[in-house]
Amino acid sequence: MIPHPSKNIILDNHLIIFVLIFLLQSAIGRAQGELLVYPKRIVFGNHKQFEKLNITNTGMDTTYYTISTLNIKMEKDGGFHIIDSSEAGHQFADSNFRFFPREIVLAPKESQTVKLQLIRSAELTPGEYRSHLYFRHDPNRNGNQKPKASTNANNVSIKLTPIYGVTIPIIIRKGTVNATVNIDNFTLDTSTEGSPVATFQLNRSGNRSVYGNIEVTHIGSNLKKTVVGKINGVSVYTPNTERIIKLPLYMNTGVDLTTGLLRISFKEGDQQLLEEVYKL
């Protein structure tokens with residue numbers, strides 16, 4: 001959860017709850033607040049000028065959303081927080097694309113297209129630029145949704161008005177961009193009662209972000225290969241150069257994780273960026 005900037009918080013007897021869900025993991029998009037957005041990210045390359053998003057109301061009520069941009073920083077552990085344009089080392093995309101409409105009203109099961117256009121791209125120097133498109137649910141315009149009343153220990157009534165939001169990254173790449181990845185500090189913890197946990201640092205170098213799927217495969221002494229762990233939608237955004245991955249491995253696979261080899265691969269689309277093998 002990421003707190004929204006304080007200028008949007010109403011300081012009275014209404015408590016506003018902000019929930020931002022980053023669309024970084026699902027191959028078909030993620031729904032939050034009964035809104036489905038696809039695709040889950042937009043990348044403008046050197047020859048792309050226009051893109052579009054499909055927005056669907058999967059709920060039973062008419063919903064209202066406003067659309068704006070946010071600049072977001074990724075932390076080493078994969079967490080996010082909102083930053084402003086003065087953050088050193090970041091290149092933002094919000095002044096180099098426009099979108100329409102900026103407000104949508106969707107009946108139940110209704111869909112709408114949001115169009116994006118690249119602008120002023122000639123002004124950009126080579127590299128990658130990123131901002132996030134923010135779809136903010138506006139419950140004040142939804143007559144079917146009423147605040148939920150609650151009472152605290154001092155009998156003070158609090159009305160809870162959930163405000164849901166969905167964000168997706170909008171990435172602009174100018175000129176020649178490249179990236180490579182490798183792994184440091186791999187450990188495998190099998191001491192706990194739950195699932196074994198593989199921990200490692202995913203290092204990124206180059207001038208663009210990486211985004212892909214990690215797969216862990218056990219290779220036995222008989223060369224039998226068994227997938228024992230997988231995580232989709234892993235990103236390392238510029239300017240970050242590293243991310244800590246903690247991946248619980250599958251239980252009940254029938255493999256002995258004290259012997260053999262573990263192969264870790266990182267695949268971005270059809271391109272394999274990483275494959276490293278560790279002896280157990």
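Engineer: Help me understand the pattern of salt bridges, please; the structure alone is not making it clear to me.
Structural biologist: Any two side chains of opposite charge can pair, given that their charged atoms come close. If you walk through the whole model with that rule in mind, you get five salt bridges. Of the charged contacts, one joins E128 and R173 as a salt bridge, the two residues approaching to 2.8 Å between their closest N and O atoms. Of this pair, E128 sits in strand β12 (residues 127-137) while R173 is found in strand β14 (residues 157-174), placing the two residues 45 residues apart along the sequence. A relative accessible area of 2% places E128 in the buried class. For R173, a relative accessible area of 17% gives the class buried. A salt bridge links K230 to E215; the shortest N-O distance between them is 3.9 Å. Here E215 lies in strand β17 (residues 210-219) and K230 lies in strand β18 (residues 225-236), a separation of 15 residues in the sequence. For E215, a relative accessible area of 24% puts it in the partly exposed group.

Engineer: Explain unusual backbone geometry to me, please; I cannot follow it from the model alone.
Structural biologist: Trans peptide bonds make up most of the peptide bonds, and negative phi angles are found at most residues other than glycine. Across the junction of Y38 and P39, the peptide omega takes the value 0°, indicating a cis bond. By the element assignment, P39 lies in the loop between β3 (35-38) and β4 (42-44). Non-glycine residue N185 carries a positive phi angle of around 55°. Checked against the element boundaries, N185 lands in strand β15 (residues 179-189). A relative accessible area of 59% places N185 in the exposed class. Residues other than glycine seldom take positive phi values, yet L223 does so here, at roughly 70°. Following the sequence through the fold, L223 ends up in the loop between β17 and β18.

Engineer: Mind showing me how you'd approach the sheet that holds β18 here?
Structural biologist: Strands pair in a sheet through their backbones, by hydrogen bonds, and they do so in one of two ways: parallel or antiparallel. In spatial order, the strands read β18-β17-β20-β21; together these four strands make up an open sheet with antiparallel pairing. In this open sheet, the two edge strands, each paired with only one partner strand, are β18 and β21 (271-279). Put simply, the sheet's adjacent strands are angled 15° from each other on average, direction ignored. When β17 meets β18, the two strands line up antiparallel, connected through nine bridges. Considered in β18, the bridge of Y211 is made with S235.

Engineer: Where do I start with the pairing of strand β11 (residues 111-118) in this structure?
Structural biologist: On a regular strand, each side chain points to the face opposite its neighbour's, so the side chains alternate between the two faces of the sheet. In this sheet, β11 lies alongside strand β5 (residues 50-57) in antiparallel orientation, the contact comprising seven bridges. Its bridge partner lying in β11, I55 is registered against Q112. Relative to β11, strand β9 (residues 97-100) runs antiparallel, the two sharing four bridges. Bridge pairing in β11 places F100 opposite K115.

About the criteria used
- Residues numbered from 1 in each chain as written.
- Predicted model: local features only at pLDDT ≥ 70, side-chain atom pairs only at ≥ 80, totals over all residues.
- Heavy atoms only, no water.
- Salt bridge = Lys/Arg side-chain N within 4 Å of Asp/Glu carboxyl O.
- Helix = DSSP H or I, 4+ residues; strand = E, 2+ residues; numbered from the N terminus.
- Buried < 20%, exposed > 50% of the residue type's maximum accessible area, 1.4 Å probe, protein only.
- Pairing = 2+ DSSP bridges.
- Axes fitted to C-alpha atoms, helices over the stretch in contact; angles between N-to-C directions.

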